Amino acid sequence: MNYKPFVTGGCTEFAKYGVYPKSVRALGDSTVFMANAGDADVLVCVGKSALEGKTRCGVTVAECDHKTAGFLRANFPFTAPVPVLSYPRTVGVGDRLGIAGPGHLRVFEKYDALPVLAQQSIRELNLTHRTYKDVLDAATFAVYREGFEKGFGADGDHLKKPEDVEYALGLGFTMITLDCSEHIKGDGSSVECPEYEERYLGKTFDVGEGLKLTFSKEELAKIVYIYGEAIDFAVSIYDRFFKEGGAKADFEISIDETATPTTPLQHFFVANELTRRGVKIATIAPRFCGEFQKGVDYIGDLQQFDAEMHDHARIARHFGYKISVHSGSDKFSVFPSVGRNTNGVFHVKTAGTNWLEAMRVVAVHDPALYREIHAYALEAFAEASTYYHVTTDLTKIPDLATLSDAELPALFTQNDARQLIHITYGLILSAPRFHDRLYTFWRKYADEYATAVESHIGHHLQALGVPERA
């Protein structure tokens, strides 16, 4: 890495040398800051410190690697994640590229919500060839660079195995989203359940706010069959990692990765059983009616969604946790309902929309590269669609040969084209001919990308009704 020279005088001169102004901090008698060293960012310490790097004339320059991130978390506590789901409004903004942090943080400086910056599933890590260390470190550097001191979370998202939960918690992740999908059965059968019948049949459960629920024998038998094993699984994970003296992290239960929607009655049953067995839940993610496909707005009956969200929100308030909305990227038509029915207390997850904004910037400034990637995505779509449920119709995507360079960015307003690029991200980033070229491009246009992310995620928070900070 070729480092630019760094001034050792007053901070007013630092901007001339690529220093990020909000990162300039005192550490004892020393000054620490981040700077753009051309092909990468670096951390610089002027004076004595424990920072490991190249030292000359009292100035230490370190690469932004895992060891340097650890130095920041140890010396500047605001750069380490904390549990944030107790805050009324939280938004997961998974950063698959590791470069969206500055744009994200500008949003949360403006709007009164807290971010979960480090949010990735094992599937996403495998597709992008990253690790949880990479994800957490990218968040730490972004927070330090932007001087964001309001707090952020780190989510081991959609984890299905105890060893993955242990790994994420061991690195300091402050939220675990437990994906129970492998333990949720289809709704085509039922099971005899005398124990549950004694607890549920012949009773009325008053949730409050005018919602009362009752179970028929047939309904109860189906619900126990569908969710019984999932509840056992969630309890086992909670008891192993979170029970008294365990991890100080938020625990989310995900029951959204299923073929059929979670009815309010099913939601109540799951929450009631988990609570009865001592599980402290920060949030539950039901499978809502309609479709929450990747990268496009909600597909379904908005009136039905609003009515069911009203019930789901009342159930969540009854038990004292938040509703979580997964695949929340670009679901603008349902956001007002989410904000209104939850009384502004919710967790919403986004991720892929940041990748799409990155690719939109490519289409604007390097049309030739975008055309090459688009053609590759068409070839890779069949493989990518095995990872995600989408109803993309490739025949509706305009032939790029018929489009001028100036028309390419408009593809990102067309659902089928958005989903084409959205779900092929892993294959695109894994292709040797694209990876380095893309990251070099995004570094060149970092400010424009940050502005695009800030605008797009800001639109999400506006639609959810998040107020601006005073």
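Heads up: the structure comes first, above all this text.
In what follows, the accompanying structure is described. Since this is a predicted model, take the numbers as computed values, not measurements.

1. Comments concerning the overall build of the chain
Here comes step 1: A count of helices and strands for the chain gives 16 helices and 15 strands.
Here comes step 2: Relative to the globule expectation of 23 Å for 470 residues, the C-alpha radius of gyration of the chain, 24 Å, shows essentially globular dimensions.
Here comes step 3: Seen through its principal axes, the chain has C-alpha atoms that stretch 80 × 60 × 40 Å.
Here comes step 4: Here the chain holds 470 residues, and 57% of them are scored as buried.

2. Brief notes about the sheet that holds strand β8 (residues 153–159)
Here comes step 1: On the basis of which strands lie adjacent, the closed barrel formed by 8 strands has the order β6-β7-β8-β9-β12-β13-β14-β15 and parallel pairing. Between one strand axis and the next, the sheet turns through 25° on average, direction left out of account.
Here comes step 2: Sheet analysis places strand β7 (residues 114–121) next to β8, joined by 5 bridges and oriented parallel. For Gln119, the partnering residue across the bridge sits in β8 and is Asp155.

3. What about the pairing of strand β12 (residues 250–254)?
Here comes step 1: In terms of burial, β12 is largely enclosed, as 5 of its 5 residues are buried.
Here comes step 2: Along β12, one buried face is formed by Asp250, Glu252 and Ser254 and the opposite face, lined by Phe251 and Ile253, is buried too.
Here comes step 3: Relative to strand β13 (residues 283–285), β12 is paired through 3 bridges, and the arrangement is parallel. Of the residues in β13, the one forming a bridge with Glu252 is Thr283.

4. So, unusual backbone geometry
Here comes step 1: We note that Cys57 has phi near 55°; this positive angle belongs to a residue other than glycine.
Here comes step 2: A residue is classified by how much of its surface remains accessible, and Cys57, at 73% relative accessible area, is exposed.
Here comes step 3: The backbone of His129 sits at a positive phi, close to 55°, despite the residue not being glycine.
Here comes step 4: By the secondary structure assignment, His129 is in the loop between α3 (122–128) and α4 (132–146).
Here comes step 5: Judged by its relative accessible area of 61%, His129 is exposed.

5. Focus: the pairing of β7
Two faces, one strand: in a regular strand the side chains alternate between the faces of the sheet.
Here comes step 1: The buried count for β7 comes to 8 of 8 residues, which makes it a mostly enclosed element.
Here comes step 2: Two strands pair when backbone bridges link them, and strand β6 (residues 89–93) and β7 are joined in this way by 3 bridges, in the parallel orientation. Its bridge partner lying in β7, Val91 is registered against Pro115.

6. Details of the environment of Gly153
Here comes step 1: With respect to the helices and strands, Gly153 occurs in strand β8.
Here comes step 2: For the pair Gly153 and Asp250, spaced 97 residues apart in sequence, the C-alpha to C-alpha distance is 9.2 Å.
Here comes step 3: Ignoring anything within four residues of it in the chain, the contact list for Gly153 reads Pro81, Val82, Val84, Pro115, Val116, Leu117, Ala118 and Thr174.

7. Brief notes about the sheet that holds strand β5 (residues 59–63)
Here comes step 1: One open sheet holds the 5 strands; their spatial order is β1-β2-β3-β5-β4, and the pairing between them is antiparallel. Across the chains shown, the open sheet's two edge strands, defined by having one partner strand only, are β1 (25–27) and β4 (54–56). Recorded for the sheet is a direction-independent mean angle of 25° between the axes of neighbouring strands.
Here comes step 2: Summarising the sheet, strand β2 (residues 30–36) and strand β3 (residues 41–46) pair through 6 bridges and their orientation is antiparallel. Considered in β3, the bridge of Asn36 is made with Asp41.

8. Quick notes on the pattern of salt bridges
Here comes step 1: Evaluated as defined, the whole model comprises 30 salt bridges.
Here comes step 2: The salt bridge involving Arg277 is made with Asp232; its shortest N-O contact spans 2.7 Å. In this pair, Arg277 sits in the loop between α8 (264–276) and β13 while Asp232 sits in helix α7 (residues 217–241), placing the two residues 45 residues apart along the sequence.
Here comes step 3: By relative accessible area, which is 31% here, Arg277 ends up partly exposed.
Here comes step 4: For Asp311, the salt bridge goes to Arg314, with nearest N and O atoms at 2.4 Å. In this pair, Asp311 and Arg314 are both assigned in helix α9 (residues 302–319), 3 residues apart and thus about one turn of the helix distant. The pair formed by Asp311 and Arg314 is uniform in burial state, with each residue classed as buried.
Here comes step 5: Within this structure, Asp41, Arg106, Arg145, Glu146 and Arg443 form a network of salt bridges that share partners.

What counts and what doesn't
Per chain, residues are indexed from 1 in the order of the written sequence. The predicted nature of this model means local features are confined to residues of pLDDT at least 70 and side-chain atom pairs, given and counted, to a pLDDT of 80 or more, with totals for whole chains, interfaces and linings taken over all residues. Calculated side-chain values reflect all of the structure's heavy atoms, with hydrogen atoms and water omitted. Only DSSP runs of H or I with at least four residues qualify as helices, and only runs of E with at least two residues qualify as strands; both kinds are numbered from the N terminus onward. Radius of gyration here uses only the C-alpha atoms, and the compact-globule reference equals 2.2 Å multiplied by the residue count raised to the power 0.38. Throughout, exposure labels follow a simple rule: accessible area from a 1.4 Å probe, protein chains only, divided by the maximum for the residue type, with under 20% read as buried, over 50% as exposed, and the rest as partly exposed. Two strands pair under a simple rule: DSSP has to find at least two bridges between them. Only the stretch in contact is used when a helix axis is fitted, and all axes are lines through C-alpha atoms; the angle between N-to-C directions ranges over 0 to 180 degrees. By definition in these notes, contact holds between two residues if any of their heavy atoms fall within 4.5 Å. We define a salt bridge as a contact between a side-chain nitrogen of Lys or Arg and a carboxyl oxygen of Asp or Glu at a distance within 4 Å.

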